[in-house]
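These are the residues of each chain, in order.
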Amino acid sequence: MSRVRPKKELGQHFLVDENILGVIGRLADLQVDDVVLEIGPGLGVLTGYLADRVAHVHAVELDRSLEPHLPRRANVTVHWGDALRLDLAAYGAGKLVANLPYNVATPILVESLDGIPTLDSWTVMVQREVADRLFARPGTKAYGAVTVLVQLVAERTGFHPVSRAVFRPRPNVDSALVAFRRVAMPPDYARVKQVVSGAFAHRRKTLPNSLELAGLASRKRAAEALAAIGRDPATRAEALAPAEFVALADALR
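Residues numbered from 1 in each chain as written. Predicted model: local features only at pLDDT ≥ 70, side-chain atom pairs only at ≥ 80, totals over all residues. Heavy atoms only, no water.

Participant: I would appreciate a short explanation of the overall build of the protein chain in the present structure.
Facilitator: Counting secondary structure elements, the protein chain contains 9 helices and 9 strands. Expressed as lengths along the three principal axes of its C-alpha atoms, the size of the protein chain is roughly 60 × 35 × 30 Å. The 253 residues of the protein chain split such that 51% are buried. In the protein chain, of all internal contacts separated by at least 6 residues, the share reaching a separation of at least 24 is 64%. Summing over all exposed atoms, the protein chain offers an accessible surface of approximately 11800 Å²; the carbon and sulfur share of this is 49%. Taking the average location of the 32 positive side-chain charges in the protein chain and that of its 27 negative ones, the two points are 6 Å from each other. (Helix = DSSP H or I, 4+ residues; strand = E, 2+ residues; numbered from the N terminus. Buried < 20%, exposed > 50% of the residue type's maximum accessible area, 1.4 Å probe, protein only. Contact = heavy atoms within 4.5 Å. Areas by Shrake-Rupley, 256 points an atom, 1.4 Å probe, with all protein chains shown as cover. Lys, Arg positive; Asp, Glu negative; His and termini not counted. Charge placed at Lys NZ, Arg CZ, Asp CG, Glu CD.)

Participant: In this structure, what is going on with the side chain of aspartate 63? I would like to understand it.
Facilitator: Positionally, aspartate 63 belongs in the loop between strand E3 (56-61) and strand E4 (76-80). A polar contact of 2.7 Å, which involves the side chain of aspartate 63, links it to the side chain of serine 65. (Polar contact = N/O pair within 3.5 Å; in protein donor to acceptor, adjacent residues only side chain to side chain.)

Participant: Explain the packing of helix H5 (residues 145-153) against helix H9 (residues 242-251) to me, please; I cannot follow it from the model alone.
Facilitator: Each pair of packed helices can be described by the angle between their axes along with the distance between the axes. Look at H5 against H9: their axes get within 8 Å of each other, and the N-to-C directions meet at 90°. Taken together, the axes of H5 and H9 lie roughly perpendicular to each other. Residues Val148, Gln151 and Leu152 of H5 lie in contact with H9, whose contacting residues are Pro242, Ala243, Phe245 and Val246. By residue class, the composition of the contact of H5 with H9 is 6 nonpolar, 1 polar and no charged. (Axes fitted to C-alpha atoms, helices over the stretch in contact; angles between N-to-C directions. Parallel < 35°, antiparallel > 145°, perpendicular 65-115°, else oblique. Nonpolar A, V, L, I, M, F, W, Y, C, P; charged D, E, K, R; others polar.)

If you want it as structure tokens, here you go:
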């Protein structure tokens, strides 16, 4: 195990301290009939822990050199490839439990919200900065598109800061475990997602300017839509609460 060198270009930071596994298990509320999706199993420390407690683990790994380290178990299926390109919905997982590779954590979380409709809960290890972003409040620096999209679909159920010492190599940033569960999916979520992404693409600009630059509406139409939801045309994206984006998308029709 000591000879395995994490690949920086893949955002690899292997989980090596088994003491954190109990915290992950508690936050994930693991049940014997769970089907779990794990992305970035690394050296298989979490994979083996999950396999001891759930019905099946679908582990997705890009790095073939890690194959000897992953558990060979009847209830573990390893899928080789890029998690952002594979059809993860096909695995039928109800929970995502993972130490997510740093460089793909945010897109994986965003895409899983609607891309894997079977998922009911997420328990993920991410950079502390990403964890803080997921449930930030409107008007704060951390508040952004990923915040809005996650909060429209899920509510936070747990949070646990994680020591840098549980990883190899030791990262230069802090990490955290964050758990959340699905509570809703707004009607026409794909359209709302489009509006949210466009709104934050130029976050320093007013919403009418940002939405026009994104090709979603003219400045005039966007200003009218803002007025319809009781907002001033000079409003910027970070001022709107998640529910207001649903109303804005509706008003833009």
